[in-house]
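# An overview of the molecular structure
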There are 4 protein chains.
Amino acid sequence: MEPTVGHRPSVRLRDCEGRMVASTHLYRDGNARRDALIGWYRTIRQLTDRLAEPLGAEDQTIQSMPDVSPTKWHRAHTTWFFETFVLKPHLADYREYDPAFGYLFNSYYEQIGERHPRPQRGLLSRPTVEQIGGYRSHVDAAMQRLVETADEALCNTLAPLVELGLNHEQQHQELLLMDIKHVFSCNPLRPAYASAQAPGPGSIPPTSWIHFDGGLVEIGHDGTGFAFDNEGPRHKTWLEPYRLANRLVTAGAFLEFIEDGGYETPAIWLSEGWATVQARGWKAPLYWEEIDGEWQVFTLAGRRALDSREPVVHVSYYEADAFARWAGHRLPTEAEWETAATDLPVVGNFVESGALHPRPAAGDGAGLQQMFGDVWEWTMSPYSPYPGFRPAEGAIGEYNGKFMVNQMVLRGGCCATPPGHTRATYRNFFPPDARWAFSGFRLADER
Amino acid sequence: MEPTVGHRPSVRLRDCEGRMVASTHLYRDGNARRDALIGWYRTIRQLTDRLAEPLGAEDQTIQSMPDVSPTKWHRAHTTWFFETFVLKPHLADYREYDPAFGYLFNSYYEQIGERHPRPQRGLLSRPTVEQIGGYRSHVDAAMQRLVETADEALCNTLAPLVELGLNHEQQHQELLLMDIKHVFSCNPLRPAYASAQAPGPGSIPPTSWIHFDGGLVEIGHDGTGFAFDNEGPRHKTWLEPYRLANRLVTAGAFLEFIEDGGYETPAIWLSEGWATVQARGWKAPLYWEEIDGEWQVFTLAGRRALDSREPVVHVSYYEADAFARWAGHRLPTEAEWETAATDLPVVGNFVESGALHPRPAAGDGAGLQQMFGDVWEWTMSPYSPYPGFRPAEGAIGEYNGKFMVNQMVLRGGCCATPPGHTRATYRNFFPPDARWAFSGFRLADER
Amino acid sequence: MEPTVGHRPSVRLRDCEGRMVASTHLYRDGNARRDALIGWYRTIRQLTDRLAEPLGAEDQTIQSMPDVSPTKWHRAHTTWFFETFVLKPHLADYREYDPAFGYLFNSYYEQIGERHPRPQRGLLSRPTVEQIGGYRSHVDAAMQRLVETADEALCNTLAPLVELGLNHEQQHQELLLMDIKHVFSCNPLRPAYASAQAPGPGSIPPTSWIHFDGGLVEIGHDGTGFAFDNEGPRHKTWLEPYRLANRLVTAGAFLEFIEDGGYETPAIWLSEGWATVQARGWKAPLYWEEIDGEWQVFTLAGRRALDSREPVVHVSYYEADAFARWAGHRLPTEAEWETAATDLPVVGNFVESGALHPRPAAGDGAGLQQMFGDVWEWTMSPYSPYPGFRPAEGAIGEYNGKFMVNQMVLRGGCCATPPGHTRATYRNFFPPDARWAFSGFRLADER
Amino acid sequence: MEPTVGHRPSVRLRDCEGRMVASTHLYRDGNARRDALIGWYRTIRQLTDRLAEPLGAEDQTIQSMPDVSPTKWHRAHTTWFFETFVLKPHLADYREYDPAFGYLFNSYYEQIGERHPRPQRGLLSRPTVEQIGGYRSHVDAAMQRLVETADEALCNTLAPLVELGLNHEQQHQELLLMDIKHVFSCNPLRPAYASAQAPGPGSIPPTSWIHFDGGLVEIGHDGTGFAFDNEGPRHKTWLEPYRLANRLVTAGAFLEFIEDGGYETPAIWLSEGWATVQARGWKAPLYWEEIDGEWQVFTLAGRRALDSREPVVHVSYYEADAFARWAGHRLPTEAEWETAATDLPVVGNFVESGALHPRPAAGDGAGLQQMFGDVWEWTMSPYSPYPGFRPAEGAIGEYNGKFMVNQMVLRGGCCATPPGHTRATYRNFFPPDARWAFSGFRLADER
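Note that this is a predicted model, so its numbers are computed, not measured.

## A few points about the pairing of strand S4 (residues 242-245) of chain C
All names here are of chain C. Two strands pair when backbone bridges link them, and strand S1 (residues 209-212) and S4 are joined in this way by four bridges, in the antiparallel orientation. Counterpart to Phe-212 in the pairing with S4 is Tyr-242. Bridge count for S4 against strand S12 (residues 444-446) is three bridges, and the pairing is antiparallel. From the neighbouring strand, Leu-244 faces S12, where its bridge partner is Ala-444.

What follows is the structure, encoded as structure tokens:
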């Protein structure tokens, strides 16, 4: 991945408890760097296994729709990534765990070769969960051996590859949670993935507006620390003056939209949005259920009453856009969002909070709240390459660029995002009809 | 099920080794009858568990197409049948294992209530395989208690219900094998369910014709022993003189059909058959694969070279019909088949042989061979009610009658049929495009 | 078409006013026969054009669903039939009207060659209606020349071919009316094809039952007069004693079924029928509309109030079957129907009545009424070959046999059937979910 | 349409021969303005009828895919626009031509009411072509009466509405040609809409690059003359230095792409593009056919040999994007394109040239060629609202804004665009998989 080669790895990485992981030594010479790489690798790989721990063999096997992948597939695919892009090119005597896995666990890298069709990932009872555990151990041991025995030059080559592989694994950690939530939601028993406390009492602040001057600004990653290729190049863009809401749109506000006939009023929808609402019979966000006149919401901790203070989540771009039009506002552009976020600390409700669901804004919070964590925020920006963007040569260049059409950008990270994974320049993206990600939104407007 | 009430249970039941199970005492009074019922129940229930034994939790969870059900669903649904139709109406203090299971494991009984959609059976990771084992034990214990404590009158009521439940479970034993074969065939690893010996050397007899006079015959079940409602009433029908081939059509003969362009010649196909061939890209029976110019066949024992002597299997009605037309013959009607089979012993290659695949005809066999076992034989008879057929009142009446359209009758049983389950009057049925059953065929003609 | 060669043509042919057309001379020698052939040809060909007369160029071009063909396609395809099967093989210097028409107007004869896909017949604005008129004239002139100049031997060859072509054209006359009714029904303006008087006042007879003894009977065509190949061979079949309702089921009776929740009661439906009801949202027969609480029916004369006395029409097999089960009866088999109809005169409400819609039974009628005309009557018989049936060699053999699966037999003819076209042995057939034919039903039962 | 109210109408309008239509008097007082409005109205309305003239009643009725509308629907819908938005609100005694037409000919204005489903426009044989001619005359007469009798104030109100209606009609003139081309392409006879001369001999200039400095530029419509709402507001945007190819990509260049395996190389395609290529079996641009090894192209003048010099046309965004990646370049953004075009005269190969197909670039041309006319040029810009964009209140506000997702912007106009209709700020848009528009492309790059 060309743009990231030579970048110094992120110094913002934190462990699962949210403590900073010392990675400042990562590019120093010698054993300290090796230890840092190995430690970092282990921390992240172990989180994947911890996330899968509450899930039985049956849970890990199911694919509930083509967009969803089985847990065990995530666990194997992230392992395949290291095997394919790190071990096979760089560890001389590396013995592949199973030659068939290259076909089974390639996701979409056309240049690597044929692969198992995505919608059929749920048809693979074998390899078993246990065998995939064996696969992970095999690759982990080889990775350790590779790093420990790497000379200075090889370390320089490996560091950015390992960094990419670990960031890739973090993305799949979030996907694993999104996906198992969808799987469980299809089961009439509505199983819980984990226990989590509902938010305590307290009020949230009223909506207020934070103003920004705009002008000729720069956005995009500046090359300090890790970033995906789609975050660069850093470039100039012009912004008119604008304002952002201080917090996310809540479930309570969205309920008003529903009760005001939001889902029955074509005039506030994009044409494709309206067609989607009708074709799929949408009447509320995904995972909302009206039972005996009460709105319930399905969470990773099971089904419970809707809390009107919590951010609305699992809405499509179409719903976010329609709400904004109904409310007389609009969504922010990604440049507006990034400019506002650029100096904020990357703190918030991420996976390590254990909530696994967005939480109400703090009642006493001032300024912009909930910019990081809780929910990915839909922007009104289509996912396009930044000026001067060129993907890397080879298979690794397929990582991001080839999805740059018919998708919208989301910003900020969510309650399922692993520690240290997101940042102000991070560009997430989904098609406008997707709802199974932890996606919500914030309002914006001209000033 | 009205037609079976008052019938005496089948005396042909055999255990898993093929030995006859003494059921002659089933309708005598007292403890002997209770012991026979319990013994019979246990024998058949245990076979289901033995068939599931080679399958891990992941294997038992997968649904590879809407027609297929997961192994664990079969195990739960057959248990639900006893819980719903036997225990809940007849065991006073019976405690339901889990109230949700009524929704999850009802197959198609509209009169019982709402149920989980069939194409979504593969989305249920919970209840787990282990929990379903618990469900089975719970119901088995209750069944034992019910029979042991039943008085004379209740025993008279229970016997035909248990008999129906056990025959139902046997149908699902065969389905379990058909279905897991399909599941495994979707996995590029082509896992084997069991090991099985390929047939030894030896030749098969040439095709010869057995002649029958026809005339005014009677077909259908005569009320002696168990039968499904669709096998009656016994009735007259007129047959012109006809002949049947002495054995099943072989894989080798079907290969000639393929090599002669059978799949590219519209003139020999039914119009819907030809449309199906084109829409699905059929070029050979299901589970045949041409690899480097050699035909391989996927079996429950894994993939191996095709044996030209073995009966062709996993063909649709369309393919059987097209082959027959290509060969200048036709398929038999179900009346012709039954009339020919009526005095033959019900012996053949059933599930207890362990072959789990049809076997070549015996080289020295005389007369009609392979009428029972090996493959279900497509007939040219659409599945219609016999004259005077009336389904039972209530939910149990939904068992057969409501499928009597757009399906064709198959006769004889197959290599996955459990011991004692089939008979000359048995009417199996599938839509003409189905291929995942162990379906083959035999030629017929006017005399 | 082998079975018809050597048959004497139907002597029942009537002209458009219902007068008998003298065809007794058809197989005599000499000019009288030639004149008869030509006269007969002209009469039937002209009826096609008269049926198309009320339709403008736009009307004749539209295909409202894959099963429907545009009027102009019917007019061209029937012409192509004579060009392909009569003129090109038998008229030495015949000049094809347009070589492209062979591709455009072949319906389904695989052995004739490639053809325009059926669902795309509505994409052909060219050839224009006017050009198709030219095509018809061209072929008619050549046909006249061929017959006039044919010697004795050629006349023997031509007669059965022309007879088949004319019976084929009559089938398309009925299809033309069925199809344009569907086309017009898709237009919110609900145009009328023709004016027709609604039935006058008067009562209909109550349902009563006509009894039949059954026994060993013969059905199928005996070779006297024209018949399609699927009507033979004549053969024995055994019937138990049975009874038939004296008249067709009425719209009023069907309304009771609806009001009794017929469309919401799964227990009375075939499983596929129930799935179809739900998938398509059926709540009433095709062409019924409830407007301000009143049932209206769309007819070829436009929309008008439903008459409770008229036979229900445009129901699928599934609906007929569900009604019969709801009423505690069943549909007749085709053998029962034919045995009952065999000695009745073929009179009734056919196309020449001008009603173009089924009419109420005669209040003073005795015995079986409405056996011919009004509506095609669904039987419970799947469409299968009769014992000993063999289709003809060559393309003409594709006429009927290749549709013998997944269809049900209908008997009797309807209000759109041309004069002289139907008879007691006539086997019409449609898939069980088809509703756009003029299909209704009569009840039957065991005696 | 708010943004256009108060705008002065375009002074660039030309008549069908390309001569400038004097519209400078349009906003002057008195009769001169009335005459100008009426003259302008007549000129444009007559062009619609002239474009429909070569088409028979059958041609005008067909809808070959859901995106296509029948010719007669275009003629009626444009008329409905004047009836609905001009006559009914402003002509006191206006008598609606037919109340049913409001339902039939509303395209997508949700706020106007229910409407005939778009994919069923081809099911309307009635109203006939002749009746639609009557509808047009009726509305034209009323329009003339309205304008002639309008006082000063009403004229001020009417002028922008009429202007919008006429620009709307011009869009449908282009659609009419695109659509009938698709209709005719579905006919195996490949009818020609018109005769047109193939381009004469001569060479085209080699590709060269025109450089632009970028910087902080302004794009969007400045309010002088007519524009659609989506062209504004005019706003600042930042451009890095860039270059554009001097001319369009040719059919010959695209042929090289094909011959180099462009359609078989996933690495150069967007992921959705590659999925589309495979799902639809694309191997060349729409309307290209390889016949006996020679590439033919279907044009509005029928099928002829491909001219390697002519611009490639009828490619999707996916194909344009893949070609650009294959060539080592990219597509321009809409801001780059507009900045380059802003000072160029709006001249080129529009509909009045009669070519109805893009023409080769001029061999001796200097600078940017073919910016206007020939083909709509795909840009890499998703179709999004400009900063500060707000659609108008009411139904007219549905004109553009509600389509701003999942579409890409095209610029410049094409060989089917009517005279005076396009300009540098004009934003056309189609989904990235659309090919039936006259869409081609030009390469761009960083400088």
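## Quick word on the pattern of salt bridges
Opposite charge on two side chains lets them pair, provided their charged atoms get close. Inspection of every chain in the model, using the stated rule, returns 112 salt bridges over all chains. Arg-390 of chain A is the partner of Asp-445 of chain D in a salt bridge, and the nearest nitrogen-oxygen pair spans 3.1 Å. You can see Asp-445 of chain D sitting in strand S12 (residues 444-446) and its partner Arg-390 of chain A sitting in the loop between strand S8 (376-382) and strand S9 (408-411), one on each of two chains. For Asp-445 of chain D, a relative accessible area of 5% corresponds to the buried category. Assessed through its relative accessible area of 40%, Arg-390 of chain A is described here as partly exposed. Asp-321 of chain D serves as the salt-bridge partner of Arg-325 of chain D, at 3.1 Å between the closest nitrogen and oxygen. Taken as a pair, Arg-325 of chain D and Asp-321 of chain D lie in helix H8 (residues 317-327) at a separation of four residues, close to a single helical turn. Accessibility expressed as a relative area gives 34% for Arg-325 of chain D, which makes it partly exposed. Where salt bridges share partners, they join Arg-45, Asp-49, Arg-75, Arg-136, Asp-140 and Glu-169 of chain A into one cluster.

## Observations concerning the interface of chain D and chain C
If you look at the interface, chain D gives 29 residues, while chain C gives 29 residues. Here chain D and chain C share an interface that buries about 2200 Å² over both sides, 64% of which is from carbon and sulfur atoms. Where chain D meets chain C, there are two salt bridges. Put simply, Arg-126 of chain C and Asp-59 of chain D hold a salt bridge, and the shortest N to O gap is 2.8 Å. Where chain D touches chain C, the interface holds eight residue pairs in polar contact (both at pLDDT 80 or more). Taken together, the elements giving at least two residues each to the side of chain D that touches chain C come down to helix H3 (101-105), helix H4 (129-149) and helix H5 (152-185) of chain D.

## Examining the nonpolar core
Residues and elements named next belong to chain D. Among the nonpolar cores identified, the biggest contains 108 residues, and Phe-254, Trp-288, Trp-378 and Phe-441 are the most heavily contacted of them. A total of 12 residues in this core trace back to one element, the largest contributor, which is H5. Of the residues that make up this core, three or more belong to each of domain 1 (23-185) and domain 2 (209-446).

## Details of helix H9 (residues 334-341) of chain D
When you tally the buried positions in H9 of chain D, you get seven out of eight residues, the bulk of the element. For H9 of chain D, every residue scored as buried is listed here: Glu-334, Ala-335, Glu-336, Trp-337, Glu-338, Ala-340 and Ala-341 of chain D.

## Overview of the environment of Val-375 of chain A
Residue and element names in this part refer to chain A. With respect to the helices, strands and loops of the structure, Val-375 is situated in the loop between helix H9 (334-341) and S8. Overall, the relative accessible area of 0% leaves Val-375 in the buried class. For Val-375 and Leu-248, which are 127 residues apart along the polypeptide, the C-alpha to C-alpha distance reads 8.5 Å. If we skip the residues at most four places from it in the chain, Val-375 touches Leu-248, Pro-311, Val-312, Val-313, Pro-358, Arg-411, Gly-413, Cys-414, Phe-438, Ser-439, Gly-440 and Phe-441.

## Some details on the sheet that holds S12 of chain C
Residue and element names in this part refer to chain C. In spatial order, the strands read S1-S4-S12; together these three strands make up an open sheet with antiparallel pairing. What marks the edges here is a single partner per strand, and that holds for S1 and S12. Neighbour-to-neighbour, the strand axes of the sheet open up by a mean angle of 25 degrees, direction not taken into account. Across the sheet, helix H9 (residues 334-341) is in contact with S1, S4 and S12; its angle to S4 comes to roughly 75 degrees.

Thresholds, definitions, all that
Residues numbered from 1 in each chain as written. Chains lettered and ligands numbered in written order. Predicted model: local features only at pLDDT ≥ 70, side-chain atom pairs only at ≥ 80, totals over all residues. Heavy atoms only, no water. Pairing = 2+ DSSP bridges. Helix = DSSP H or I, 4+ residues; strand = E, 2+ residues; numbered from the N terminus. Salt bridge = Lys/Arg side-chain N within 4 Å of Asp/Glu carboxyl O. Buried < 20%, exposed > 50% of the residue type's maximum accessible area, 1.4 Å probe, protein only. Contact = heavy atoms within 4.5 Å. Buried area = accessible area lost by both parts, 1.4 Å probe. Polar contact = N/O pair within 3.5 Å; in protein donor to acceptor, adjacent residues only side chain to side chain. Core = buried A, V, L, I, M, F, W, Y, C linked by side-chain atoms within 4.5 Å. Domains from an automatic or database assignment. Axes fitted to C-alpha atoms, helices over the stretch in contact; angles between N-to-C directions.

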